[in-house]
Amino acid sequence: MPITRSRRAMLLAAGVMLPLPVLTGCSSDDDGPPPRAAWDIASAPRSGTAGTGTLRWALDATPATLNAFQKTADTGTQRIAGAVLPSLYTLDARGRPQRNGDYLTSADVTSTDPKQVVVFKLNPKAVWSDGRPIGAEDFQAQWKALRGTDEKYGTARNAGYDRIAKVEPGDREHEVKVTFAKPYTDWRSLFTPLYPKSVMGNPAVFTAAASKGLAVGAGPFMVREVTDSEVTLVRNPRWWGDRARLSRVVFQAAPAEKRAEALIAGRLDLAEVDRTTARRIQATAPGKQAAGAKRGSSAPGKAGAPEPSTGGREAAEAARTGAARTGAARTGAARTGAAWEEAGAQEGATGDTDKNRSRTRALSRFTLRKALDPGYTQLALNGTKGPLADERVRRAVARAIDRKALAKLVLKPMGLPSEPLGNHLLMAGQPGYKDHSGALGAPDTNAAQSLLADAGWRAGGTGRQKALDGKTDDRGSRRSAPTATESSTNPASKSASGAPPAAGDAGRSGRLRETAVVRKKGRPLVLRFVLPDDQTGARLSTVGERIVRMLEKIGVRTEITKVSGESYFRDHIATGDYDLALYSWPASAYPATDARPIYAKPQPAADGSLVVEQNYTRVGTDQIDQLFDQALSELDGGASRSLVSRADARIWAAAGSIPLYQRPQLIAMRKGLVNAGAFGFATPRYQDIGFRR
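For every chain, the first residue of the written sequence is number 1, and numbering continues from 1 onward in sequence order. Given that the model is predicted, a residue must reach a pLDDT of at least 70 before its local features are reported, and side-chain atom pairs must reach 80 or more before they are shown or counted; all residues, however, enter totals for whole chains, interfaces and linings. Hydrogens and waters are ignored; side-chain quantities use all the structure's heavy atoms.

Participant: For the sheet that holds strand β17 (residues 523-524), give the residues involved together with the corresponding values.
Facilitator: A pair of strands is treated as paired once DSSP finds two or more bridges between them. In DSSP terms, a helix is any run of H or I states spanning at least four residues, a strand is any run of E spanning at least two, and both are numbered starting from the N terminus. With antiparallel pairing, the three strands of this open sheet are ordered in space as β14-β16-β17. The open sheet has two free edges, formed respectively by β14 (458-459) and β17, since each of these has just one partner strand. Sheet topology places β14 next to strand β16 (residues 518-520); two bridges connect them, and they run antiparallel. Residue R458 lies in a different strand from β16, and its bridge partner there is R519.

Participant: Residue-level account of unusual backbone geometry, with values.
Facilitator: D113 connects to P114 through a cis peptide bond whose omega is 10 degrees. Position of P114 relative to the elements: it lies in the loop between β5 (104-111) and β6 (117-122). Omega for the peptide link from T192 to P193 comes to -5 degrees, which places this bond in the cis form. Despite not being glycine, A655 shows a phi value in the positive range, around 55 degrees. Of note, N675 is a non-glycine position whose phi angle comes to about 60 degrees, a positive value. Tracing the backbone shows N675 in the loop between β24 (673-674) and β25 (677-678).

Participant: Please provide a residue-by-residue account of the sheet that holds β6, values included.
Facilitator: The antiparallel open sheet is built from four strands, whose spatial order is β5-β6-β8-β7. Every interior strand has two partners, whereas the edge strands, β5 and β7 (164-169), have only one. Within the sheet, the average angular offset between the axes of one strand and its neighbour, ignoring direction, is 15 degrees. One ladder, built from five bridges, connects β6 with strand β8 (residues 175-180); its direction is antiparallel. The partner of V119 across the bridge, within β8, is K177. On top of the sheet, helix α2 (residues 136-146) reaches β6, β7 and β8; it is set at about 160 degrees to β7, its chief contact. For helices, the fitted line uses only the C-alpha atoms of the stretch in contact; every axis is such a line through C-alpha atoms, and the angle between N-to-C directions lies from 0 to 180 degrees. Two residues form a contact once any of their heavy atoms are found within 4.5 Å.

Participant: I'd love a proper account of the nonpolar core, names of residues and values included.
Facilitator: Ranked by size, the top nonpolar core spans 109 residues in total, and within it F120, I134, F139, F191 and L233 carry the most contacts. By residue number, the principal contributor to this core is α2, which donates six residues. Apart from the residues lying within four places of it in its own chain, the contact partners of I134 are P86, Y103, L122, A126, V127, W128, F139, L194, A218 and W240. Side-chain atoms within 4.5 Å are what join buried Ala, Val, Leu, Ile, Met, Phe, Trp, Tyr and Cys residues into a set we call a nonpolar core. Exposure classes here rest on a 1.4 Å probe applied to the protein chains alone. A residue is buried below 20% of its type maximum, exposed above 50%, and partly exposed in between.

Participant: Residues and numbers for α2, please.
Facilitator: Of all eleven residues in α2, eight are buried, a share of seventy percent or more. The complete set of buried residues in α2 reads A136, D138, F139, A141, Q142, W143, A145 and L146. Those residues of α2 that are buried are in contact with β6, β7, β8, α3 (197-200) and α4 (203-208). Of the residues trailing α2, G148 is marked for its positive phi of about 90 degrees.

Participant: Account for the pairing of strand β20 (residues 580-586), naming residues and giving values.
Facilitator: A large share of β20 lies buried, amounting to six of its seven residues. Inspection of the sheet shows strand β13 (residues 366-381) paired to β20 by seven bridges, in the antiparallel sense. Note that in β20 the partner of A380 across the bridge is A581. Across two bridges, strand β18 (residues 526-532) lies against β20 in parallel orientation. Bridged to V530 within β20 is A581.

Participant: An account of the environment of G95 is requested, with residue identities and associated values reported.
Facilitator: By the element assignment, G95 lies in the loop between β3 (89-91) and β4 (97-99). Residue G95 is classed as buried on the basis of its relative accessible area of 3%. For the pair G95 and Y590, spaced 495 residues apart in sequence, the C-alpha separation works out to 9.1 Å. With residues up to four places along the chain from it excluded, the contact list for G95 reads Q430, A589 and F681.

Participant: Which residues make up the confidence of the model for the chain, and what values go with them?
Facilitator: Atomic detail in the predicted coordinates should be set aside for any region of low pLDDT. When the pLDDT values of the chain are averaged, the result is 82; 77% of them are 70 or greater. In this model, residues 1-29 is a region of pLDDT below 50 whose contacts with residues beyond four sequence positions or in other chains number 102 contacts. Confidence of the predictor at the level of single residues is given by pLDDT, which spans 0 to 100. Under a pLDDT of 50 for its full length, residues 462-510 has, in the predicted model, 109 contacts with residues more than four places off or in other chains.

Participant: Go over the packing of aromatic side chains with me, naming the residues and quoting the values.
Facilitator: Pairing of aromatic rings covers Phe, Tyr and Trp, the last counted by its six-membered ring, and requires centre-to-centre distances within 6.5 Å; plane angles under 30 degrees mean stacked, over 60 mean edge-to-face, and any other angle means tilted. One pass over the structure, following the stated rule, counts 19 aromatic pairs. With a centroid separation of 5.4 Å and 85 degrees between ring planes, the pair formed by Y161 and F191 is classed as edge-to-face. Of the two residues, Y161 sits in the loop between α2 and β7 while F191 sits in the loop between β8 and α3, which places them 30 residues apart along the sequence. For Y161, a relative accessible area of 1% puts it in the buried group. Judged by relative accessible area, F191 falls into the buried class, the value being 0%. Through a chain of ring-to-ring contacts, three or more aromatic side chains come together here, namely F69, Y89, F120, F139, Y161, W187, F191 and Y195.

This is the structure in structure tokens:
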């Protein structure tokens, strides 16, 4: 399904568009095997599974709704919907849509002139769990609910559905005919998941009933029970496809910070884990699963050295402990992470304790699967006001960032490919992927300083003012730290963008060494770098600190401000209360649809505010919008991908968002469980998951 319905981050300057260089670099062909680390699952034939059993699968929290089109939907909603509702198209390991034969015998564009017409031919065996055949009335109800004309539905998105003119039965039995008012390249994204008309036909049911469960479904499983901590699925007795190899799937709420203990206590069978837990699991395996090889991965999923993306959040956890864990991991005694602080304190004085040995034995019941997550971490540059409203300053910051060093810092310790991501809209291995970072240029301190000088920011400047935190002067010499009173009352305690640091913040960099702070009209260039003060923030800290040091080399000062993890996105990213920030976006198989609101040029509202959609950097251009619009209407797949590629090159040139790396996806999986693991882009085939005989 298109992910922007629940898109969120784990988080006006259009300016003069600089000419783009001739772009070269790595690209992905449409055919061929997926890239290394695309997925890592334990493959086994269905006949080799027991044909029964209960799988306990971790979610961050019990979903607030099972309606994937509501604003409160999350990744748990999508995971459950995939098991109990029709998905007309699924994704393979390279993120390519694949027709799902359980529901469709064919789907074709039958006309483009005067209107685009798509005819879906349904599997005649496909029925809802109440026995009613899946039919055109379900498609009609979903279109009317999601097209955006009835405010009572309060949908999270209407992309694609708003381009449909009508939905009707086809000329033959089991056919559904969809006529579009405007051409739509991503038509395969529609009607997945497909809900019954009993849910979509009534706004009250749409907004309320799915929070209690789903009375009717049409997947290999159906919802049996929803509680505050669990969602239980059982086999669908009316399922017409391959019989599910599990009798039950229980999705359990297990917050990331409590997941390690839940694994140790034996309450989970499958869970995404943080790097600390992942290395603990690796340390229990013979040979420490040195490179993750020879572990039964299916051919597309050989990750080489499988490992993590914490609870589906930021991969920068990898940087938090670095690579200096080899010796500790060899004994299963790595001590970083809240879940292990107690054990670490005890062992520091007395060696292995019974408690820690028991934990190690518990984790030895799991294997680790790892892949590159279909999502990426970016450095966001707020272009609303202050120095970063100047495209030259944003480009200077971007040229100062060694993305390859950051990707290596995060991914190499996990044995995952450590190349930086070169595209905002496609992940490595997706059809049409090209590295467009050349639109900005390679890391170059001199070039960055020249850009700053061109924008009026030069080393030294006039006057000998104190740096913002009082720790250095304009040449980087150390000074004593200010008192709390000085920090809060000194006018110089504001950043160059005018934003004061958060109360109680003690995370300022204050570390300029040899390079002078650049100044403009006597004022130093200081950027406020906002990070969450929670587990995610801890994982991001090392990446953030490395970025700080990179910016120091060009004379740019930063103030790291820690804010509540709960309010990080809502009160800071979404409102633009930051200069620099780190957060992530999930990737999409339909970038022309899903990425447009993230990079759309902000538009002024009647009250003088900006309508930014999901473009939280507030950096956009008319050219980018036009390329997205053209890509959406281009029905030739290759031509549409070319337009998306051109849009990405211009997004790079605008320098509002700097992709750093794909997050690692680390999955703890109970030994004996098969056809599961680190799925990457691939849609799980729920009916094939099971336990070995």
